[in-house]
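As a plain string of letters, each chain reads:
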Amino acid sequence: MEQTLMLKQLSEAVAGGFNACDRMENGQLYMLVNGVPTLNKDWTIATVDMLISVPNTYPVGGLDAFYIDSALMLHNGQKHPRVQPAPNILGKSWGVVSWHYNKPWSFSDTFLTHIYHCQDFLRKGSRSN
Amino acid sequence: MIIRTSEIIWTQIDQILNRSFNQNRTLEWGIIGVVEKLGDEVFLIREIFLPTQKDLDQSEGGLIFSSPYIRRAQLWAQRQGKSGLVFFHTHPLANDQVSFSWFDDTQEPLLIKNLREIWPGSEHISIVVGKNAYKGRVYLQGERAQDLMKLYVIGRTIKVISLFGNRVQPPMPSHIFDRAKEVTSAGALQILKDMKIAIIGAGGTGCLMVELLRRAGCGNLLLIDDDIVEDTNLNRLLFASSTDVEEKNKKVSVALRANDQCVLENKLEIIDGNVTNPSVLHKLSGIDLLIGCIDKDYPRYVLNDFAVKYFMPYVDLGSEIGIAGEKLQSLDARVTYVYPGGPCLNCRGLIDHERIRLEGLQLQERRRHIGLGYCQDIDIKQPAVMELNMRAASFAALFIRHLVQPFLDQGGEMDFRESITSMTIKKVGLKSPKMECAVCGYKYNFV
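These numbers come from a predicted model, not from an experiment. (Residues numbered from 1 in each chain as written. Chains lettered and ligands numbered in written order. Predicted model: local features only at pLDDT ≥ 70, side-chain atom pairs only at ≥ 80, totals over all residues.)

S.K.: With reference to specific residues and values, describe the overall build of chain B.
M.R.: When you go through chain B residue by residue, the secondary structure sums to 13 helices and 21 strands. Radius of gyration (C-alpha) of chain B: 24 Å, near the 22 Å computed for a compact globule of 447 residues. Seen through its principal axes, chain B has C-alpha atoms that stretch 80 × 50 × 40 Å. Each of the 447 residues in chain B was classed as buried or not, and the buried ones make up 41%. The contacts in chain B between residues at least 6 apart in sequence include a share of 66% that link residues at least 24 apart. (Helix = DSSP H or I, 4+ residues; strand = E, 2+ residues; numbered from the N terminus. Rg over C-alpha atoms; globule rule 2.2 N^0.38 Å. Buried ≥ 20, exposed ≤ 12 C-beta atoms within 10 Å, placed from the backbone. Contact = placed C-beta atoms within 7 Å.)

S.K.: For the nonpolar core, give the residues involved together with the corresponding values.
M.R.: Residue and element names in this part refer to chain B. If you look at the biggest cluster of nonpolar residues, it comprises 112 residues, and the most contacted ones within it are Leu223, Leu290 and Ile291. Mapped onto the domain boundaries, this core takes at least three residues apiece from domain 1 (2-162) and domain 2 (175-444). Beyond its immediate sequence surroundings of up to four residues, Ile291 is in contact with Ile197, Ala198, Ile199, Ile200, Met209, Val315 and Ala396. (Core = buried A, V, L, I, M, F, W, Y, C linked by C-beta atoms within 7 Å. Domains from an automatic or database assignment.)

S.K.: Explain the pairing of strand β2 (residues 30-38) of chain B to me, using residue names and the numbers behind them.
M.R.: Residue and element names in this part refer to chain B. Alignment of β2 against strand β6 (residues 84-90), held across six bridges, turns out to be antiparallel. Bridge pairing links Val35 to Gly84 in β6. Relative to strand β3 (residues 42-49), β2 runs antiparallel, the two sharing seven bridges. Across the sheet, residue Ile32 finds its bridge partner in β3, namely Phe49. Between the end of β2 and the start of β3, which pair antiparallel, lie three residues, with Gly39 showing a positive phi angle near 65 degrees. (Pairing = 2+ DSSP bridges.)

S.K.: Can you break down the interface of chain B and chain A residue by residue, with the values?
M.R.: With 15 residues of chain B at the contact, the number on the chain A side is 18 residues. At the level of secondary structure, the elements contributing two or more residues to the side of chain B that touches chain A comprise α10 (297-309), α11 (353-359) and α12 (363-371) of chain B. In terms of residue class, the side of chain B that touches chain A is built from five nonpolar, six polar and four charged. (Nonpolar A, V, L, I, M, F, W, Y, C, P; charged D, E, K, R; others polar.)

The analysis is restricted to geometry; functional conclusions fall outside its scope.
Here's what the structure looks like:
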């Protein structure tokens, strides 16, 4: 993806109140968002780190799914059933969440709108399915 | 230098200009369009401004476009960041030969000078039209007028108009093509010989297209690919050998070596690169016909987008496999033609954005996403047998002959799919009814 587009969209995410930055591992570009508010009392923690893989075909190839800090648990002591185990990335343990869009990715979607989309999963807490 | 426009725009220009030849053959007619420069060699006419009666004045011995008419076009073009204007006018008494008159030669430089005072750096084109002949020139920045060579009209067929000022009789073709003249006459052969054709992908289908087009008389081919020859390619890659595998030779180098040994007088240029790289894509600016022989959706998207943006005719072809469980359900050879005003590959559902996303992920990351249930078939090997590739390449090469000298009975949309499993030919449908395509803006209300 173009460097200028990435910087623009990262800046937009930061302006939207998210602590977002770019990271690279094994040739794969990621957007790391630290301290995303979980927005629901079902979770044991108030903020969580999130990791989103960015295809090099972005923005034609859109964003989908995301990684979430493996420390994220529900108050019943369980992990959310949509969170599946994932390998270490950037030296940290994650779970991966398959959280689909209801509509196709469009050019009006951005890093920021994708963070909102992922945060929607957190907002719904145990009701997310 | 050449000009390219769409059939839709050309039909409107032609209707205005034909008034000089269909009605009273003393009245000159003219029309102004807007041009956009693509690379160093091509001007595109994207927009025209239809004249009213008061926009054209003939009281001073020649046609003069009114100031408000010119101003209207110039303001629009300048606001849109275009390169300049194109002025068409007729010489009603000219038939098979036409040239700029003394009046044109004296008035036109003044018009250009005036335009450049209010629009510095602009470049303008003038075309004079006789009944059966056209002559064109371009006023480039800081230079005297240069002759233009051709005007390509791209639509359901490709029409090539010579801008040399006379009705050109094509030269007698080489006797090599004697047995093909019924399907490709001397005129069509000359078009194929002059056209610059880019083949993107030098694999199993691309190498066949090079061979077929060379033998169809195409004189200027450009082949683009960045892959090396692997042993699994040897079942279908023409002229490749185990030495090419050992030496890790590029597929384009194999094609070039074969071309150098061929007796046919065509040029083959190669680019070791990928069209998803903007600097490689830019090299397609001067091309007259694109041929896509690629099995990935992102480069296909890039080519489709480029063709739509720059009025380029684009023939996309490939072999496709359908699998349900363990069972092979379909084996298809497909050819699709994209042209300005018609549906593009995206409208036809031939580009899968989910695949584009997965193609853009590194292998490990892609596997994780596939594990989550996304697009299971992305890692399925596409069919790779020469016979199937040949079906698609053969259709595509015949279709390219049709573009320059139409012979197919069936009009309508230019894409079809041959099912080998059912031995039938079917048309590729549009994605869904009553939609507007996000890539080309094509509006369709049928399936």
